[in-house]
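An overview of the molecular structure
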Amino acid sequence: MEGTNPVNKKLAAALSGGAVLVLALSGCSSDDSSEKLNSWAKEVCDAVKPQAKKIEAANAAIQKETSDNSTPQEVQKTDAQAFQDMSDAYKAIGAAVTKAGAPDVDKGEKKQQDAVKELDGISTSYASLKKQVDELDTKNQGKFADGLKDIATALDKLSTSGNDALKTLEEGDVGKAMAEQESCKSAAATAPAAKS
């Protein structure tokens, strides 16, 4: 089924960009932060870690399906499951940020609410991509490839936009506190690098 392969590669490339969103939740600098902020960061980072692994596994599944000479049915099944997992993972990260409450920083509440809204939005986007994949016509090679192309385009948009609230959430002291957490460090280490 070689017809789908170039499109699959595009899909995989677009998808690996999506992992960047999780990396936005792991800080890069370190400094002394307040105890309150540290416990907030620990709670969020501990919750992010398993979800980052789930997103990484979903990425890997699509990458693998891409490199194999898979049938449209196999691609559809793998992609649908991967998008569902990603949707669940971002939803769970949003729930973790909600549960942790506002970080103990200036405008913490607004930053938290914006980040949760964004995470929920990403979750919804992946859920709608799953629906799109489910509806692809696997019996028609041409139509299937065209459908995958549309999904790859949507993924591209998803991975390049929607990062702002997360960046804002972890500016300054929040980012420093998160950088101190082992679970955030390992979440950052396991997620695939962004495509430039």
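Please read all numbers here as calculations on a predicted model, not as lab measurements.

**Some thoughts on the overall build of the protein chain**
Scanning the protein chain from N- to C-terminus turns up nine helices and zero strands. For the protein chain, the α and β elements follow one another from N to C terminus as α-α-α-α-α-α-α-α-α. Looking at the protein chain as a whole, 46% of its 196 residues are labelled buried. Entry remark: accessible area of the protein chain is about 9400 Å², with carbon and sulfur atoms responsible for 51%.

**Topic: the confidence of the model for the protein chain**
With 74% of its residues at a pLDDT of 70 or more, the protein chain has an overall mean of 80. The secondary structure element of the protein chain with the lowest average pLDDT is helix α2 (residues 20-23), at 52, and the one with the highest is helix α4 (residues 72-100), at 93.

**Looking at the environment of glutamine 113**
Position of glutamine 113 relative to the elements: it lies in helix α5 (residues 108-134). Relative accessible area serves as the criterion here: at 45%, glutamine 113 is assigned to the partly exposed category. Once the C-alpha coordinates of glutamine 113 and leucine 169 are considered, the two residues, 56 residues apart in sequence, prove to be 9.2 Å apart.

**A closer look at α4**
Helix length check: α4 (29 residues) gives 42 Å between terminal C-alpha atoms against 42 Å at 1.5 Å per residue, within 8%. Immediately downstream of α4, the backbone of glycine 101 shows phi near 85°, a positive value.

**Section: unusual backbone geometry**
Positive phi outside glycine occurs at lysine 107, with the angle close to 60°. Relative to the helices and strands, lysine 107 resides in the loop between α4 and α5. Lysine 107 sits in the exposed class, given a relative accessible area of 58%.

**Here we look at the nonpolar core**
Counting residues in each nonpolar core, the largest one holds 38 residues, and the members touching the most others are Trp40, Val44, Phe83, Val97, Tyr126, Leu129 and Met178. Every element with two or more residues in this core is listed here: α3 (35-67), α4, α5, α6 (141-160), α7 (164-169) and α8 (172-179). For this core, the element with the highest residue contribution is α4, accounting for ten residues. Beyond its immediate chain neighbours, meaning those up to four positions away, tryptophan 40 contacts Ala100, Gly101, Ala102, Pro103, Leu169, Val174 and Met178.

**As for the packing of α4 against α5**
Closest axis-to-axis distance for the α4/α5 pair is 8 Å, and the angle between their directions is 165°. The angle between α4 and α5 falls in the class roughly antiparallel. With respect to the hand of their crossing, α4 and α5 are arranged in left-handed fashion.

**What to know about the environment of serine 183**
Within the secondary structure, serine 183 sits in helix α9 (residues 182-190). Sequence spacing of serine 183 and valine 44 is 139 residues, and the spatial spacing of their C-alpha atoms is 9.1 Å. Aside from chain neighbours lying at most four places away, what touches serine 183 is Lys42, Cys45, Asp46 and Lys49.

**What about the pattern of salt bridges?**
Under the defined criterion, the tally for this structure stands at eight salt bridges. Among the ionic pairs, aspartate 134 bridges to lysine 130, the shortest N-O distance being 2.6 Å. Of the two residues, aspartate 134 and lysine 130 both sit in helix α5, four residues apart, roughly one turn of that helix.

**Description of the environment of glutamate 171**
With respect to the helices and strands, glutamate 171 occurs in the loop between α7 and α8. By relative accessible area, glutamate 171 is classed as partly exposed at 45%.

What counts and what doesn't
Residues numbered from 1 in each chain as written. Predicted model: local features only at pLDDT ≥ 70, side-chain atom pairs only at ≥ 80, totals over all residues. Heavy atoms only, no water. Helix = DSSP H or I, 4+ residues; strand = E, 2+ residues; numbered from the N terminus. Buried < 20%, exposed > 50% of the residue type's maximum accessible area, 1.4 Å probe, protein only. Areas by Shrake-Rupley, 256 points an atom, 1.4 Å probe, with all protein chains shown as cover. pLDDT = per-residue confidence, 0-100. Expected span 1.5 Å × (residues − 1). Core = buried A, V, L, I, M, F, W, Y, C linked by side-chain atoms within 4.5 Å. Contact = heavy atoms within 4.5 Å. Axes fitted to C-alpha atoms, helices over the stretch in contact; angles between N-to-C directions. Parallel < 35°, antiparallel > 145°, perpendicular 65-115°, else oblique. Left-handed = near helix turned anticlockwise from the far one by under 90°. Salt bridge = Lys/Arg side-chain N within 4 Å of Asp/Glu carboxyl O.

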